[in-house]
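Coordinate analysis (summary)
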Number of protein chains: 2
Amino acid sequence: MTEAAKRPTHRTDPLDSLLGYHLRRLSVVVMTDLTESLAPLQLKPAEASILLVIASNPGTTQSEVGRVLGIFRANMAPLIAALLKRGLIERKAVDGRSQALRLSSAGAAVCRRAQNVVREHEERLFGRLTREASATMVAQIRSLWQAKH
Amino acid sequence: MTEAAKRPTHRTDPLDSLLGYHLRRLSVVVMTDLTESLAPLQLKPAEASILLVIASNPGTTQSEVGRVLGIFRANMAPLIAALLKRGLIERKAVDGRSQALRLSSAGAAVCRRAQNVVREHEERLFGRLTREASATMVAQIRSLWQAKH
DNA sequence: TATTGTTATACTCTATAACTATA
DNA sequence: TATAGTTATAGAGTATAACAATA
């Protein structure tokens, strides 16, 4: 158990009733677990999510992947560069500025392993929720997210 | 609307069914809104949460605040130093190593304003959920979080 | 030995500005 | 004018190691 995760002794937490606070702290737990789970593949969560999106949308561009995942163009560049350098993805010019992205065969293999890691990660963290409870949470989060735009 | 928030065109998102993915993205929206809402008080979310915990637990120590909020000792130091420098909190030695923390009168005033900001922030983001739906989500998140320890 | 507080350091993600090249 | 991609830079949060002083 990490230091910061130790249980408080007898202090009250005035934030305990706030949904945003709980969302935030849970998301930290989720990200930490995912980061550790993907470490054997030498993938960061952002890189793994990019591989999954390319696998589902072969020929897409890096700007489009960024829009799907909510990652800025400026932050996509080094992520894509790292995946290219490792030979996990390939680029082919569509026109003078856009380039189609596809997984290499090595990338497809890593992507399959990443999919398994993600599935196990979700099962480990959320498996105790009923399928219905999980779906309800996703639906509620989606509606909240959409209300913001 | 920021660049990264633009809606995707027609690409599929293979992560769309994953609860952890939605939790993470919602938590980003929550943190961004809270950060912007607290900016007029010149408080970061972490600083505001520290003020709230001290207000509820006068005389607590900085290590204890860190344990309540899940913040490492090493990261508490500069946060507490900043609040001290601004005169929002006061320190008094308990023994040779621990020091009791309390809000100054200026700190109490800022803390009250922060409480209002947080209330409005939660209402703005989650007000569309019924009281019951919100309580259910908090309860589910709490149970998930506890399962991790 | 364990705890408090501190410093230094590193990593991930998010965000903006500025630039080149192309549509 | 708008878009694609890049670089540089900054900020917030999380995390580990190492140290001094104290319990």
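Residues numbered from 1 in each chain as written. Chains lettered and ligands numbered in written order. Predicted model: local features only at pLDDT ≥ 70, side-chain atom pairs only at ≥ 80, totals over all residues. Heavy atoms only, no water.

A separate point is the protein's contact with DNA strand C. If you check the shell around DNA strand C, you find 23 residues, and the closest are Gly 96 of chain A together with Arg 24, Gln 62, Ser 63 and Arg 97 of chain B. For DNA strand C, the backbone makes up 60% of the atoms found within 4 Å of the protein, where backbone means sugar plus phosphate. Between a base oxygen of DNA strand C and a side-chain N or O atom of Arg 97 of chain A, the distance comes to 3.0 Å. Gln 99 of chain B is positioned with one of its backbone polar atoms (N or O) 3.2 Å from a phosphate oxygen of DNA strand C. Secondary structure elements with two or more residues in the surface near DNA strand C: α2 (45–56) and α4 (73–85) of chain A together with α1 (19–38), α3 (62–69) and α4 (73–85) of chain B. Along the lines of polarity and charge, the residues of the surface near DNA strand C split into 7 nonpolar, 8 polar and 8 charged. (Near = heavy atom within 4 Å. Polar contact = N/O pair within 3.5 Å; in protein donor to acceptor, adjacent residues only side chain to side chain. Helix = DSSP H or I, 4+ residues; strand = E, 2+ residues; numbered from the N terminus. Nonpolar A, V, L, I, M, F, W, Y, C, P; charged D, E, K, R; others polar.)

Take the protein's contact with DNA strand D next. Neighbouring residues of DNA strand D: 22 residues in total, closest Arg 24, Gln 62, Arg 73 and Arg 97 of chain A together with Gly 96 of chain B. Backbone atoms, meaning sugar plus phosphate, form 62% of the atoms of DNA strand D positioned within 4 Å of the protein. Arg 97 of chain A has a polar side-chain atom sitting 2.6 Å from a base oxygen of DNA strand D. For the surface near DNA strand D, the secondary structure elements donating two or more residues are α1 (19–38), α3 (62–69) and α4 of chain A together with α2 (45–56) and α4 of chain B. Of the residues assigned to the surface near DNA strand D, the class counts are 7 nonpolar, 7 polar and 8 charged.

Once that is clear, we can look at unusual backbone geometry. All names here are of chain A. Phi angles above zero are rare outside glycine, and Gln 42 is one such case at about 55°. Within the secondary structure, Gln 42 sits in the loop between α1 and α2. By relative accessible area, Gln 42 is classed as exposed at 63%. (Buried < 20%, exposed > 50% of the residue type's maximum accessible area, 1.4 Å probe, protein only.)

So, on to the pattern of salt bridges. Counted under the stated rule, the structure contains 4 salt bridges over all chains. Two residues, Arg 124 of chain A and Asp 33 of chain A, come together in a salt bridge whose shortest N-O distance is 2.8 Å. One end of the pair, Arg 124 of chain A, is in helix α5 (residues 105–126); the other, Asp 33 of chain A, is in helix α1, with 91 residues separating them in the sequence. Given the relative accessible area of 40%, Arg 124 of chain A is considered partly exposed. When its relative accessible area of 14% is taken as the criterion, Asp 33 of chain A is described as buried. With a closest N to O distance of 2.4 Å, Arg 142 of chain A and Asp 16 of chain B form a salt bridge. In this pair, Arg 142 of chain A is assigned in helix α6 (residues 131–147) and Asp 16 of chain B in the segment before α1, connecting two distinct chains. For Arg 142 of chain A, a relative accessible area of 32% corresponds to the partly exposed category. Taking the relative accessible area as the measure of exposure, Asp 16 of chain B reaches 30% and is therefore partly exposed. (Salt bridge = Lys/Arg side-chain N within 4 Å of Asp/Glu carboxyl O.)

Between chain B and chain A, the residue contacts involve 66 residues of the former and 66 residues of the latter. Overall, the association of chain B and chain A removes approximately 6,600 Å² of surface from exposure, summing both partners, and the carbon and sulfur fraction of that is 66%. Considering only the surface of chain B that becomes buried against chain A, Arg 11, Leu 19 and Trp 145 of chain B emerge as the three largest contributors, covering 11% of it. Counting every contact that joins chain B to chain A gives 2 salt bridges. (Contact = heavy atoms within 4.5 Å. Buried area = accessible area lost by both parts, 1.4 Å probe.)

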